[in-house]
Amino acid sequence: MSSLLVLAIVVAIGVVAFFVGRQRAAAHDNGAVKPHSRAHYHGWWAFLLAVLPAILLLAVWTIGSSFYLDRHIHAALPERTADSKVASEALDVSLVKSLAKGLRQLDANTTLPTTFAELQPMLAAKGVALASDTQDYMIPIAVEANAVQSRLGLFGAVITLALSIAGAFYALRQIAPRARARNNVEKLMLWGLLAASTIAILTTVGIVLSMLFQTISFFESVSPMSFFFGTVWDPRFAAAGSGGSQGQFGLIPLLAGTLYIALVALLVAVPVGLMSAVYMAEYASPKVRSVVKPALELLAGIPTIVYGIFAVVTLGPFLRDLSAALTGGSPFIQGQSIFTAGLVMGIMLIPVVSSLSDDIITAVPRAMRDGSLGLGATRSETIKRVILPAALPGIVGAILLTASRAIGETMIVVLAAGVAANLTVNPFEAMTTITVKIVNQLTGDLEFNSPQTLVAFALGLTLFALTLVMNIVALYIVRKYREQYE
Amino acid sequence: MNIMTEQSLENAVGEKMSAKSNEVIKMRGDKVGVFYGEKQALFDVNLDVRLNQVTALIGPSGCGKSTFLRCLNRMNDTIDSARVTGKITLDEEDIYDKNIDVVELRARVGMVFQKPNPFPKSIYENVAYGPRIHGLAKRKADMDQIVESSLKKAAIWNEVKDRLQEPGTGLSGGQQQRLCIARAIAVSPEVILMDEPCSALDPIATARVEELIDELRQNYTIVIVTHSMQQAARVSQRTAMFHLGYLVEEGATDKMFTNPDDQRTQDYITGRFG
C-alpha cells in the first residue's frame, strides 16, 4: 500500500472524526451545563488526534523501513572480491534498488529470467532503463527486497491506520460538556507554530554543517594559513582524474575585491538612497509619495542578472568608450571593472537603502519634528539636527544590512567585475569577488573531491561568516535604537 | 449674543488700555476658522491674548482649543490638509501674511507640547538647540550663559546643573517638561503656547510646572490649553471656553469660574457637561 494512499485514508478518518466529534459535542449541549468549548473545537481536537500522531508514525516508519531495506540488501549481497565488477558497495545497493523498482513494473505472474541480458529487454519494453553493469546475482536479491518492502509497507499502513482510529476514538470518548477541547487545540497550535519557526533555524544549521564538513576536507589538503592569508589565487584547474597539480588558494585577492566592490556600491547607494528616503519621508506630498515609492521599490524587483546584463552590455562599454574619448587614446576604464560593477550594484541597492531608511525616519516620533519646528527651525534644520541624529543608529543598521547584501551579491559581479583575481587599488581595473569564484569553482567538470572544488565551500563558509557578523552587528544596533524612545 | 459680548469687551479693554499697560493686546484672533480637509474644526473665533497674562483655553475634548492654539504659531501649517481662514495678528501684524517668515514667527511664539518631547541629545544641547539655529550666541561662553539662565527660569537648574551632558530623555517626566519649557525660553520668545503641558505629569510635577507658569508671566505672554478646571483657575488671568469648534465665552478667570454668562460654561466648570 503506498504511503500516499495511507495518508489519504488517515485524513479521511480525521474528517469523519471531526464531524462525529462536532455532532456529539452539539448533542451534549442540552442547556443543563454551560459547555466549556464550542462544538467545533471538539471536532478539531478529534481531527488532530486522529491525524497528527498517525502521520508522525508514518513518517518515522517510512524513513526507518528504507534504512532497514538498505541494510537488508547490503547483507544479502555477496562478499566483495578484488575483481568485483561494480565500483563500490553503495553503488551495488543502489543498483539492486533500481532493479527492484523496475521489477515492480512487470506483471506479478511473469516468470523472471535468470540473466540480466534477458531481463533488460523486458524492462525496456516497460520503459525502464537500467545501468548496464547490473549483475545477474542481483535479480533474486531484488525480488526478495520487493517482498520485504511490500511486507514493511503493509505492516506500516496497518499500524498507522490503527493509531489513527485509536486517536479518533480516544478524542471522541473524551467529549463532555466540561472537556477542555478549546485549550487542547490551543496547545497544539502553539506546538505547530513552534515547529514552523524551528524549520528556518534548523535549515540554517544544516547549511552551515554541510558546508563545514566540505570545508574541513578542503583544509586537509590546503593549510588554513595559506588560504586565509595567501595573496595569490591560482587554483590550477585540474580536470577530473588528472589529479596531481596543486594550486594556490589565497583568499586575500577575492576578499579585497569583494569589499572594494561593496564599498563602491555603498558609496553610490547610501547617499542617493538616504536622500530619496528623506525626501519621501519628509517632503513628498502623499500624492507624489504614492507614485514614487512603488516606482522606486520596483527597482528592487528587477532580477540581478538583468542588472548584470545592463552592466556588461551597456554601461561597461559606454564607460570604456567614454574614458577612451577623454584621453583621446587608450581607455583607462576597462570593460569589466570594479567601478562598473560597483556602480550597477549601487543602483540595485538604492531601493534597499531608501526603503529601510524611510521606515526608520518615519518611525521618529512626530513629537520630535513638532518640538523642533515649534522652536522656529526650518524643515532641513529639523532633519539635519534632530531627525537624522535620532534615526542614525537605525540608518547605520540599515547600511550594514545593505552591505551584507552587497557582499553576497553574485550575478552582477559575475558579469561585470571580471574573473581575474587581481590585487589592485585602481577602481577602473577588473577584480573578482568571493561569489564569482564560488560560481567558477563549482561549474565545469572538475573532480568533486579535489581542493579545486572543495575551496568553493571554504569560500562559501567565509562569506557566510562575514555576512552573519555584519547582520548580527546591524541587528544589535537596530535593537539598541528601538529602546531609545519610550 | 457672542458679537455683543465681544463688542463690549473690546470697549472695556480700550478703556483700560490707557490706564494700565498690562492690558495691551499681544495677539488677536479675528474670525479664525480652521478646516481639516473638508471638515471644519473651528468657526469664527474672535479671541484676544493680553500681554504678560496667562490665557487659559478650556472646553471638552475635540472642541477646537488645541486647534486654535496651533494657529497662533502656524503649527497647523505642518499638517497637509489643514487650512486657516480669518486673521491672526501678533503686535498688530498679520501672521498669515505672505511677507511673514513662519520660521521667525515660531521663534517669537514658542510652544510646549502635551507630551514632554526632549530631543535625544544631552540636556545642554536640548536647550542650546534653538539659540544655535537662530545664531543667538557668538561664543561658547554666551551659549553657556543662555543655557544656564533658561534652565534657571524653568526652575530646573539645580536639578540638572551637574549632569548637563547626560541625555535629556533620561530625566523624569516632570523634569523633561520643564526642560522643554527651558528649551522654548532659550530662544527668547514673546509668547509661549502650552498644549496641556501637565496632562502627562503627576500632581507634584504638575504643581511645579504651574508655579513656573506663574513666574514666567512676568516676562512672557502665555496661552495654555488645559483639561483641568482647577489648573485654569490657579494659573490664568483670562479664560476662554470652547465648545464644538465655537468660542462660547471669554473673560477674566475670576468671573468665568464664579459667574459665567453662558449656561454651557456653567455646566462645564461644574462638571455637569454631557
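Please read all numbers here as calculations on a predicted model, not as lab measurements.

Calculation notes
The written sequence of each chain sets the order in which its residues are numbered from 1. By the order in which they are written, chains take letters starting at A while ligands take numbers starting at 1. It should be noted that, the model being predicted, local features are given only for residues of pLDDT at least 70 and side-chain atom pairs only at 80 or more, the latter also being counted only at that level, while totals for whole chains, interfaces and linings use all residues. Each helix is a run of H or I in the DSSP string that is no shorter than four residues. Each strand is a run of E no shorter than two, and both are numbered from the N terminus. In this setup the radius of gyration rests on C-alpha atoms only. A globule is expected at 2.2 Å times the number of residues raised to 0.38. Whether a residue is buried, exposed or partly exposed follows from its count of other C-beta atoms within 10 Å of its own C-beta, namely 20 or more, 12 or fewer, or something in between, respectively; the C-beta atoms are built from the backbone. Residue pairs qualify as contacts under a 7 Å threshold applied to their C-beta atoms, which are placed from the backbone. Annotation comment: domain bounds sourced from an automatic or database domain assignment. To define a nonpolar core, we join buried Ala, Val, Leu, Ile, Met, Phe, Trp, Tyr and Cys residues through C-beta atoms within 7 Å and take the resulting set. Residue polarity follows a fixed list, in which Ala, Val, Leu, Ile, Met, Phe, Trp, Tyr, Cys and Pro are nonpolar, Asp, Glu, Lys and Arg are charged, and the others, Gly among them, are polar. Values of pLDDT, ranging from 0 to 100, describe the predictor's confidence in every residue of the model. Strands qualify as paired when DSSP identifies two bridges or more between them. Simply put, an axis is a line fit to the C-alpha atoms, just over the touching stretch for a helix, and the angle between two N-to-C directions goes from 0 to 180 degrees. One less than the residue count of a helix, multiplied by 1.5 Å, gives the span that helix is expected to have. Oblique is the label for any angle not covered by the other classes, which are roughly parallel (under 35 degrees), roughly antiparallel (over 145) and roughly perpendicular (65 to 115). What makes a crossing left-handed is the near helix being turned counterclockwise from the far one by less than a right angle; a clockwise turn instead makes it right-handed.

Caption draft 1: Region of interest: the overall build of chain A. Helix and strand counts for chain A stand at 16 helices and 2 strands. Relative to a compact globule of 486 residues, whose C-alpha radius of gyration would be 23 Å, chain A shows 32 Å and is clearly more extended. Dimensions of chain A, computed from C-alpha atoms along their principal axes, come out at roughly 85 × 85 × 40 Å. Relative to its full complement of 486 residues, chain A shows a buried share of 37%.

Caption draft 2: Local environment of the overall build of chain B. Counting its regular elements, chain B contains 11 helices and 10 strands. For chain B, the C-alpha radius of gyration of 19 Å lies close to 19 Å, the compact-globule estimate for 274 residues. Across its three principal directions, the C-alpha atoms of chain B cover 55 × 45 × 45 Å. When the 274 residues of chain B are sorted by exposure, 45% land in the buried category. A sequence separation of at least 24 residues applies to 68% of the contacts in chain B between residues at least 6 apart.

Caption draft 3: Quick look at the domain arrangement of chain A. In terms of domain boundaries, chain A breaks down into domain 1 (3-179) and domain 2 (233-482). The C-alpha-based centres of domain 1 of chain A and domain 2 of chain A are spaced at 49 Å.

Caption draft 4: The arrangement of the nonpolar core in detail. Residue and element names in this part refer to chain A. Counting residues in each nonpolar core, the largest one holds 150 residues, and the members touching the most others are Ile261, Ala265, Ala341, Val344, Val353 and Ile412. When residues no more than four places from it in sequence are discounted, the contact partners of Ile412 are Thr304, Tyr307, Gly308, Ala311, Ala341, Val344, Met345 and Met348. Counting residues in hydrophobic clusters, the runner-up holds 24 residues, among them Ile13, Trp44, Ala46 and Leu58.

Caption draft 5: Quick look at the environment of B:Leu57. Residue and element names in this part refer to chain B. In this structure, Leu57 sits in strand 3 (residues 54-58). For Leu57, a count of 30 C-beta atoms within 10 Å corresponds to the buried category. Distance from Leu57 to Glu196, taken between C-alpha atoms, is 9.7 Å for residues 139 residues apart in sequence. Ignoring anything within four residues of it in the chain, the contact list for Leu57 reads Lys65, Phe68, Leu69, Val223, Val225, Ala240 and Phe242.

Caption draft 6: How the structure looks around the interface of chain A and chain B. Counting from both sides, the interface comprises 18 residues of chain A and, opposite them, 22 residues of chain B. For the side of chain A that touches chain B, the secondary structure elements donating two or more residues are helix 12 (366-374) and helix 13 (379-408) of chain A. With 6 residues, helix 12 of chain A is the largest single contributor of residues to the side of chain A that touches chain B. Taken together, the residues that form the side of chain A that touches chain B break down as 9 nonpolar, 6 polar and 3 charged.

Caption draft 7: How the structure looks around the confidence of the model for chain A. Put simply, chain A has an average pLDDT of 85, and 94% of its residues get 70 or more. Scored below 50 in pLDDT, residues 239-244 of chain A shows 6 contacts in the model against residues more than four places distant or in partner chains.

Caption draft 8: Expanded view of the confidence of the model for chain B. Residue and element names in this part refer to chain B. For chain B, per-residue confidence averages 86 on the pLDDT scale, and 91% of positions sit at 70 or higher. Per-element mean pLDDT across chain B ranges from 48 in helix 1 (residues 2-19) up to 94 in strand 8 (residues 221-225). Within the model, pLDDT remains below 50 along residues 12-21, and this stretch shows 5 contacts once partners closer than five positions in the same chain are excluded. Scored by ipTM, the complex comes to 0.81, with pTM at 0.73.

Caption draft 9: How the structure looks around the sheet that holds strand 4 (residues 82-90) of chain B. Taken together, the 4 strands give an open sheet; going across it, the order is 2-1-4-5 (chain B), and neighbouring strands pair in antiparallel fashion. One side of each edge strand has no neighbouring strand; the edge strands of this open sheet are strand 2 (39-50) and strand 5 (93-94) of chain B.

Caption draft 10: Representation of the sheet that holds strand 3 of chain B in the model. All names here are of chain B. If you walk across this open sheet you meet the 6 strands as 6-7-8-3-9-10, and the pairing is mixed. Edge strands, defined here as strands with exactly one partner in the open sheet, are strand 6 (109-112) and strand 10 (246-252). Direction aside, neighbouring strands of the sheet carry axes that sit 15° apart on average. In this structure, strand 3 lies alongside strand 8, joined through 4 bridges in parallel fashion. Bridge pairing in strand 8 places Thr55 opposite Val223. Sheet strands touched by helix 7 (residues 173-185): strand 6 and strand 7 (191-195). Its angle to strand 6, the strand with the most contacts, is close to 170°.

Caption draft 11: Region of interest: the pairing of strand 2 of chain B. Residues and elements named next belong to chain B. Judged from the 8 bridges that link them, strand 1 (residues 25-36) and strand 2 form a sheet pairing that is antiparallel. Paired with Val32 across the strands is Val45, a residue of strand 2. Following strand 1, the chain reverses through 2 residues before pairing antiparallel with strand 2; Gly37 in that reversal takes a positive phi of roughly 65°.

Caption draft 12: Inspection of helix 3 (residues 89-103) of chain A at higher detail. For helix 3 of chain A, which comprises 15 residues, the first-to-last C-alpha distance of 21 Å matches the rise-based estimate of 21 Å (1.5 Å per residue) to within 8%. Those residues of helix 3 of chain A that are buried lie in contact with helix 2 (39-76), helix 4 (116-125) and helix 5 (138-174) of chain A.

Caption draft 13: Geometry of the pairing of strand 4 of chain B. Residues and elements named next belong to chain B. Pairing analysis gives 8 bridges linking strand 1 to strand 4, with the strands arranged antiparallel. In the sheet register, Val34 faces strand 4, and the bridge partner there is Val84. Across 2 bridges, the pairing between strand 4 and strand 5 is antiparallel. Bridge pairing in strand 5 links Leu90 to Glu93.

Caption draft 14: Seen up close, helix 4 (residues 123-134) of chain B. Where burial is concerned, most of helix 4 of chain B is hidden: 9 out of the 12 residues are buried. For helix 4 of chain B, the complete set of buried residues consists of B:Ile123, B:Glu125, B:Asn126, B:Val127, B:Ala128, B:Tyr129, B:Gly130, B:Pro131 and B:Ile133. Its buried side turned inward, helix 4 of chain B meets helix 13 of chain A together with helix 5 (140-153), helix 6 (157-160) and helix 7 of chain B. Downstream of helix 4 of chain B by a residue or two, B:Gly135 has a phi angle that is positive, lying close to 65°.

Caption draft 15: Layout of the packing of helix 1 (residues 3-28) of chain A against helix 2 of chain A. Residue and element names in this part refer to chain A. One way to put it is that helix 1 packs onto helix 2 with a least axis distance of 6 Å and a crossing angle of 160°. Judged on the interaxial angle alone, helix 2 and helix 1 are roughly antiparallel. Here helix 1 runs over helix 2; the crossing is right-handed. A breakdown of the residues in the contact of helix 1 with helix 2 according to their chemical character gives 22 nonpolar, 7 polar and 1 charged.

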